[in-house]
Amino acid sequence: PAAPRASVSMAVEDLVGGINDPIFGGTPEGKIFDPLGFGADEASLYRRRVVEIKHGRICMVAFLGMTVGPNELITPTHTLLSPSLDLHFDEIPGGVAALEYVPAAGWFQIISLIGIHELTIAKQDYTKVPGEVPTFLGFKPEDPAVFRNKQLKELKNGRLAMIAVLGEMMAQQVSGMGTYEQLGVIASDL
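Residues numbered from 1 in each chain as written. Predicted model: local features only at pLDDT ≥ 70, side-chain atom pairs only at ≥ 80, totals over all residues. Heavy atoms only, no water.

**A word on the overall build of the protein**
Which entries qualify depends on this criterion: Secondary structure follows DSSP: runs of H or I at least 4 residues long count as helices, runs of E at least 2 residues long count as strands, and numbering of each begins at the N terminus. Only protein chains enter the accessibility calculation, which uses a 1.4 Å probe. A residue is then buried if its area is under 20% of the maximum for its type, exposed if over 50%, and partly exposed in between. By definition in these notes, contact holds between two residues if any of their heavy atoms fall within 4.5 Å. Accessible surface is estimated by sampling points in the Shrake-Rupley manner with a 1.4 Å probe; for residues, cover comes only from the protein chains shown.
When helices and strands are counted, the protein shows 4 helices and 2 strands. Residue burial in the protein is summarised as follows: out of 190 residues, 25% are buried. In the protein, 54% of the contacts between residues at least 6 apart in sequence involve partners at least 24 apart. Of the accessible surface of the protein, which amounts to about 13,100 Å², a share of 67% is contributed by carbon and sulfur atoms.

Printed below as a string of structure tokens:
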């Protein structure tokens with residue numbers, strides 16, 4: 001018979017960046033603030049942390065793209081993107097406005113690529129800590145204290161990036177302007 005698979009113990013008290021982490025100090029009585037009971041089930045708590053880390057990583061890259069990728073900063077080429085629609089790269093606006101320009105085949109490719117990535121490379125191994133995916137690059141330090149510190153930094157940066165991307169998307173939606181157009185308006189008012 002196969003040996004039972006080990007799993008990572010996951011309790012709210014032990015989460016890096018959780019409410020009892022020294023950075024937050026916990027509650028005065030040493031209790032955990034979890035009014036909706038999300039931390040009651042260890043498996044769902046593990047899944048929530050995995051998803052939080054994945055979303056944080058995606059948003060860190062997304063914010064970089066929102067900052068570096070707009071047409072105002074880098075002029076895209078006139079290369080053909082979609083022959084059937086006669087759509088070129090330089091015709092697509094930056095930011096949220098680009099969503100309506102992506103053809104159906106493009107959405108299919110994006111969703112397929114993400115699905116394949118989720119089912120292969122980024123598939124979470126439940127015998128490892130949340131967010132630890134196999135990599136040949138050696139990102140995981142051997143020292144547990146250094147690893148915990150890096151985990152906390154990634155978690156904090158990911159949370160900040162999620163808020164930043166949401167804020168930038170809402171600003172673009174409300175103003176109808178891209179990142180650098182907004183900054184230009186602010187700078188001209190100074």
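**Considerations on the pattern of salt bridges**
Which entries qualify depends on this criterion: Any Lys or Arg side-chain nitrogen located within 4 Å of an Asp or Glu carboxyl oxygen qualifies as a salt bridge.
In this structure the tally under the stated criterion is 4 salt bridges. In this structure, Lys 54 engages Glu 118 in a salt bridge whose closest nitrogen and oxygen atoms are separated by 2.6 Å. Separated by 64 residues along the polypeptide, Lys 54 in helix H1 (residues 42–68) and Glu 118 in helix H2 (residues 104–119) bring together distant segments of the chain. By relative accessible area, which is 17% here, Lys 54 ends up buried. When its relative accessible area of 31% is taken as the criterion, Glu 118 is described as partly exposed. Residue Arg 57 is joined to Glu 154 by a salt bridge in which the shortest nitrogen-to-oxygen separation is 2.4 Å. Residue Arg 57 is found in helix H1, and its partner Glu 154 is found in helix H3 (residues 144–175); the two are separated by 97 residues along the sequence. A relative accessible area of 26% means that Glu 154 is categorised as partly exposed.

**Some words on the packing of H1 against H3**
If you want to describe how two helices pack, look at the angle between their axes and the distance between the axes. Here is the rule: Here, axes are lines fitted to C-alpha atoms. For helices the fit covers the stretch in contact, and angles between N-to-C directions go from 0 to 180 degrees. Angular relationships are summarised with four words: roughly parallel below 35 degrees, roughly antiparallel beyond 145, roughly perpendicular across 65 to 115, and oblique for the angles in between. By the definition used in this description, the sense in which the near helix is turned from the far one sets the handedness, with an anticlockwise turn below a right angle giving left-handed and a clockwise turn giving right-handed. Any residue outside Ala, Val, Leu, Ile, Met, Phe, Trp, Tyr, Cys, Pro, Asp, Glu, Lys and Arg is labelled polar, Gly included; the first ten of those are nonpolar and the last four are charged.
At a closest axis distance of 7 Å, the pairing of H1 and H3 adopts a crossing angle of 55°. Considered as vectors, H1 and H3 are oriented oblique to each other. As for the relative orientation of H1 and H3, their crossing is left-handed in sense. Of H3, the residues touching H1 (which contributes Arg 49, Glu 52, Ile 53, His 55, Gly 56, Arg 57, Cys 59, Met 60, Ala 62, Phe 63 and Met 66) are Glu 154, Leu 155, Asn 157, Gly 158, Arg 159, Ala 161, Met 162, Ala 164, Val 165, Glu 168, Met 169 and Gln 172. The residue makeup of the contact of H1 with H3, split by class, is 12 nonpolar, 5 polar and 6 charged.

**Some remarks on the confidence of the model for the protein**
It should be kept in mind that the predicted coordinates are not to be read in detail where pLDDT is low. What counts is decided by this rule: Scored between 0 and 100, pLDDT is the confidence that the predictor attaches to each residue.
Across the protein, pLDDT averages 79, with 77% of residues at or above 70. Of all the helices and strands in the protein, strand E1 (residues 80–82) carries the lowest mean pLDDT, 83, while H2 carries the highest, 91.

**As for a nonpolar patch on the surface**
Put simply, the test is: Nonpolar side chains (Val, Leu, Ile, Met, Phe, Trp, Tyr) within 5 Å and like charges within 9 Å form the patches, drawn only from residues with over 30% relative accessible area and no salt bridge.
A cluster of nonpolar side chains, namely Leu 99, Trp 107, Ile 110, Ile 111 and Ile 114, defines an oily patch on the protein surface of about 470 Å² accessible area. Along the chain, the position of Leu 99 falls in the loop between strand E2 (87–88) and H2. Looking at Leu 99, the relative accessible area reads 45%, which means it is partly exposed.

**Quick look at H3**
An α-helical turn contains 3.6 residues, so any two residues separated by three or four positions project in the same direction. Threshold: Given the number of residues in a helix, its expected span is that number minus one, multiplied by 1.5 Å.
The end-to-end C-alpha distance of H3, which contains 32 residues, comes to 46 Å, matching closely the 46 Å that a straight helix rising 1.5 Å per residue would cover. Within H3 the residues assigned to the buried category are Phe 147, Gln 151, Leu 152, Leu 155, Gly 158, Ala 161, Val 165, Glu 168 and Gln 172. Gly 176 sits one or two positions beyond H3 and adopts a positive phi of about 75°.

**Some remarks on unusual backbone geometry**
A negative phi angle is the norm for most residues apart from glycine, just as the trans form is the norm for most peptide bonds. Phi angles above zero are rare outside glycine, and Asp 86 is one such case at about 50°. By the secondary structure assignment, Asp 86 is in the loop between E1 and E2.

**Some thoughts on the environment of Leu 166**
Residue position: Leu 166 is located in helix H3. On a C-alpha basis, the gap between Leu 166 and Phe 63 in space is 9.5 Å, while along the polypeptide they are 103 residues apart.

**Observations regarding the environment of Tyr 180**
Rules: Side-chain atoms alone can form a polar contact between residues adjacent in sequence; in general such a contact is a pair of N or O atoms within 3.5 Å, and within protein one must be able to donate a hydrogen while the other accepts it.
Within the fold, Tyr 180 resides in helix H4 (residues 179–189). Residue classification places Tyr 180 among the partly exposed positions, given a relative accessible area of 26%. Remark: the alpha-carbon pair of Tyr 180 and Gly 94, spanning 86 residues in sequence, is separated by 9.8 Å. There is a polar contact of 2.4 Å between the side chain of Tyr 180 and the backbone oxygen of Thr 67.

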